[in-house]
Amino acid sequence: MMKKKKVRYCGNCNPDEYPGDVKKRLEELFPGEAGPTILVDGCARACLSKKEKDTGAVVMSAREVMTRRKKR
Amino acid sequence: MSLMTGSEYIESLRKQKKKIFLGGEAIGNYVDHPIIRPSINACAMTYELSHQPEHTELMTATSSLTGKTVNRFTHLHQSTEDLIKKVKMQRLLGQRTGCCFQRCVGFDGFNAVDSVTYEMDQELGTEYNKRFRNYLEYVQENDLIVDGAMTDTKGNRRLSPSQQEDPDQFVHVVERRPDGIVVRGAKAHQTGAVNSHEILVMPTVTMRQEDADYALSFAVPADAQGVLYIYGRQSCDTRRLEGGTIDVGNAMFGGQEAIIVFSDVFVPWERVFMCGEYQHSGALVERFAGYHRQSYGGCKSGVGDVLVGAAQAIAKIQGLEKASHIKEKIVEMIHLNETIYSCGIACSAEGRPTSSGTYLIDLMLANICKLNVTRFPYEISRLAQDVAGGLMVTLPSEKDFGHPEAGPYLEKYLRSDPAYGTEERCRVQRLIENLTLGMGAVGYLTESMHGAGSPQAQKIMIGRLANLPYKERVARQLAGIGKG
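Note that the coordinates shown come from a computational prediction; the quantities given were computed from them, not determined experimentally.

Asker: How do you make sense of the overall build of chain B when you look at a structure like this?
Answerer: Secondary structure assignment for chain B yields 17 helices and 14 strands. What you see for chain B is a C-alpha radius of gyration of 24 Å, in line with the 23 Å of a compact globule of 484 residues. Judged by the C-alpha coordinates and their principal axes, chain B covers about 75 × 70 × 50 Å. Sequence separation of at least 24 residues holds for 80% of the intrachain contacts in chain B that already meet a minimum separation of 6.

Asker: What should I look at first to understand helix H4 (residues 80-97) of chain B in this one?
Answerer: At 3.6 residues per turn, the α-helix brings residues three or four places apart onto the same side. Residues and elements named next belong to chain B. In this model, H4 (18 residues) spans 26 Å end to end at C-alpha, consistent with the 26 Å of a helix rising 1.5 Å per residue. Burial analysis of H4 places 16 of its 18 residues in the buried class, which makes it a mostly covered element. Looking one or two residues beyond H4, the residue adopting positive phi is Gly-98, at roughly 65°.

Asker: Is there a simple way to think about the sheet that holds strand S10 (residues 227-231) of chain B in this case?
Answerer: Within a sheet, adjacent strands bond to each other through the backbone by hydrogen bonds, running parallel or antiparallel. All names here are of chain B. Pairing in this open sheet of six strands is mixed, and the strands run S2-S1-S10-S11-S7-S6 from one edge to the other. Two strands bound the open sheet, and with one partner strand each, they are strand S2 (25-27) and strand S6 (172-177). Shown here is a sheet whose adjacent strand axes are inclined to one another by a mean of 20°, direction ignored. Pairing of strand S1 (residues 19-22) with S10, which is carried by three bridges, proceeds in the parallel orientation. The residue of S10 that forms the bridge with Lys-19 is Leu-228.

Asker: Just checking my understanding: could you explain the packing of H4 of chain B against helix H7 (residues 281-317) of chain B for this structure?
Answerer: In helix packing, the relevant descriptors are the interaxial angle and the interaxial distance, both defined with respect to the helix axes. All names here are of chain B. As a packed pair, H4 and H7 sit with axes 7 Å apart at the nearest point and diverge in direction by 30°. It follows from the interaxial angle that H4 and H7 lie roughly parallel. Read as a crossing pair, H4 and H7 show a hand that is right-handed. When H4 is examined against H7, the residues Lys-86, Val-87, Lys-88, Met-89, Gln-90, Arg-91, Leu-92, Leu-93, Gly-94 and Gln-95 are found in contact with a partner set consisting of Gln-294, Ser-295, Gly-297, Gly-298, Cys-299, Lys-300, Ser-301, Gly-302, Val-303, Asp-305 and Val-306. Its residues assigned to classes, the contact of H4 with H7 comprises seven nonpolar, nine polar and five charged.

Asker: Would you take a moment to explain the interface of chain B and chain A for this structure?
Answerer: How big an interface is tends to be expressed through the accessible area that disappears when the partners come together. Contacts between the two partners involve eleven residues from chain B, matched on the other side by ten residues from chain A. Here the side of chain B that touches chain A gets five residues from one element, more than from any other, and that element is H4 of chain B. Its residues assigned to classes, the side of chain B that touches chain A comprises four nonpolar, one polar and six charged.

Asker: In this structure, what is going on with the domain arrangement of chain B? I would like to understand it.
Answerer: All names here are of chain B. Parsing chain B into structural domains produces domain 1 (6-281) and domain 2 (284-473). Placing a centre on the C-alpha atoms of domain 1 and another on those of domain 2 gives a separation of 24 Å. Secondary-structure elements contributing two or more residues to the side of domain 1 that touches domain 2 are H4 and helix H5 (104-124). No other element matches H4, which puts 14 residues into the side of domain 1 that touches domain 2. Residue classes in the side of domain 1 that touches domain 2 are distributed as 23 nonpolar, 26 polar and nine charged.

Asker: Quick question: what am I supposed to make of unusual backbone geometry here?
Answerer: Phi is mostly negative for residues that are not glycine, and the peptide bonds are mostly trans. Residue and element names in this part refer to chain B. Positive phi outside glycine occurs at Lys-154, with the angle close to 75°. Its location among the elements puts Lys-154 in the loop between strand S5 (146-149) and S6. Exposure remark for Lys-154: the 14 C-beta atoms within 10 Å place this residue in the partly exposed category. At Cys-236, a residue that is not glycine, the phi angle is positive and equals roughly 70°. By secondary structure assignment, the location of Cys-236 is in the loop between S10 and strand S11 (257-268). With 19 C-beta atoms packed within 10 Å, Cys-236 lands in the partly exposed category.

Asker: Help me understand the sheet that holds strand S1 (residues 6-9) of chain A, please; the structure alone is not making it clear to me.
Answerer: All names here are of chain A. On the basis of which strands lie adjacent, the open sheet formed by three strands has the order S1-S2-S3 and parallel pairing. The open sheet has two free edges, formed respectively by S1 and strand S3 (58-61), since each of these has just one partner strand. Recorded for the sheet is a direction-independent mean angle of 25° between the axes of neighbouring strands. Sheet analysis places S1 next to strand S2 (residues 37-41), joined by four bridges and oriented parallel. Among the inter-strand pairings, Lys-6 is bridged to a residue of S2, identified as Thr-37.

Rules used in this analysis
Residues numbered from 1 in each chain as written. Chains lettered and ligands numbered in written order. Predicted model: local features only at pLDDT ≥ 70, side-chain atom pairs only at ≥ 80, totals over all residues. Helix = DSSP H or I, 4+ residues; strand = E, 2+ residues; numbered from the N terminus. Rg over C-alpha atoms; globule rule 2.2 N^0.38 Å. Contact = placed C-beta atoms within 7 Å. Expected span 1.5 Å × (residues − 1). Buried ≥ 20, exposed ≤ 12 C-beta atoms within 10 Å, placed from the backbone. Pairing = 2+ DSSP bridges. Axes fitted to C-alpha atoms, helices over the stretch in contact; angles between N-to-C directions. Parallel < 35°, antiparallel > 145°, perpendicular 65-115°, else oblique. Left-handed = near helix turned anticlockwise from the far one by under 90°. Nonpolar A, V, L, I, M, F, W, Y, C, P; charged D, E, K, R; others polar. Domains from an automatic or database assignment.

Put into structure tokens, the structure is as follows:
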């Protein structure tokens with residue numbers, strides 16, 4: 001059984017993309033309740049993923065979220 | 001009940017019956033007053049963002065006192081990471097409100113009072129730190145806003161507190177009772193005072209033995225008997241009474257200052273954190289100032305982001321965004337703004353633990369941060385005005401745009417790039433006016449100059465902390481000169 005999807009954000013003090021837009025886009029990319037743990041860094045400083053090393057989570061930057069195409 | 005929402009916070013203020021004067025009148029329903037409400041909205045944002053998943057990492061922390069999740073504004077810093085997150089949180093809030101969100105003074109007060117009372121207890125055998133931490137637990141549990149009240153009215157600046165002709169020019173003890181103390185005096189320039197649930201009083205200068213009655217720190221509910229507020233005016237504040245949303249520049253958010261008068265206010269002993277220990281007053285002033293000087297690296301860079309964004313927007317609307325001198329000015333604004341931020345991050349990264357376990361910023365770098373803040377927002381504002389053009393100060397009222405005869409002329413002659421509406425142009429011009437000349441300039445400019453201490457206060461600290469003999473020695477060594 002697939003685990004419940006979990007999204008964690010860095011805090012977004014000065015992000016590259018507007019956090020509301022990133023949130024919406026993530027819902028499009030990973031629809032539904034089940035899914036991986038995703039760590040989203042707001043900018044290239046990557047505060048969250050630097051801190052949470054080796055957790056096996058999917059790491060994405062806000063910019064990457066906004067530019068990635070939805071998988072068919 | 002920790003982590004209130006924005007609307008719960010606003011409702012919690014309604015339960016407090018404060019005595020407030022504004023424009024020559026006592027105000028009853030201050031929560032919905034059009035001049036006051038935007039400042040309450042700005043405070044509410046500190047609650048609202050703590051519930052948004054994309055911001056909880058910055059907006060919340062695990063309490064060192066209870067282990068529970070608390071709003072970061074009530075947290076004692078436990079690491080350099082906490083200090084850095086504080087600055088990042090402040091930048092975020094500056095971006096979201098475009099003004100002072102008023103919750104930092106109490107936050108900085110908590111961290112300063114905690115470490116100083118701990119050291120007092122170690123040296124004097126008192127129990128101030130235990131009292132303070134009990135109080136802070138109450139603040140965390142109820143997610144309260146606490147006004148950190150430091151600046152006394154000071155009277156004749158040549159004279160110390162006890163030498164003043166009027167002894168009430170600095171807050172002081174007028175009576176000691178078995179169950180507590182009675183205090184009198186006033187605190188000036190109190191940011192967010194009216195929007196706070198509690199007031200945390202600290203001394204404003206280093207006290208000497210003869211000023212022992214003024215070496216005082218305590219907390220009272222913001223609506224305690226004998227406390228009253230006289231609301232400060234801001235440039236263009238009565239535009240808030242006109243009912244529009246354009247001419248105010250920032251319709252939703254704003255800052256706030258007030259004078260707080262303590263007219264014989266009773267404080268029970270469990271809420272007294274310093275009473276006569278003048279030897280420790282200097283440390284409390286210095287640490288609070290240090291934390292608050294760090295704060296400005298976050299909040300002012302956040303508001304700076306808004307002004308940089310407004311300059312870029314108006315350049316586009318007026319068809320100038322590709323002009324090389326405009327691009328250069330905007331880059332210069334960014335450079336200055338990021339320099340402020342860099343100093344906030346640097347003094348946090350170089351922080352260290354105090355004996356209480358609470359982390360303190362690097363005081364030298366915090367003072368450098370604030371000294372830059374006394375200058376750079378003025379230059380950023382000058383550049384924003386340069387980019388915006390004179391329309392910012394000659395633009396007619398939004399009511400004229402709605403007038404059947406004048407309106408169409410304004411719509412026709414004030415349109416620029418047809419891709420953008422005239423109203424869009426006016427709104428951005430008014431936002432720049434707000435931040436550089438109007439209500440927003442109180443927080444972005446004059447507060448940057450005098451808040452957390454005027455520039456001279458930072459220069460004194462920088463001179464004291466600089467270790468000039470060492471610098472002289474390395475210079476002499478390289479110059480081939482012996483010991484000087």
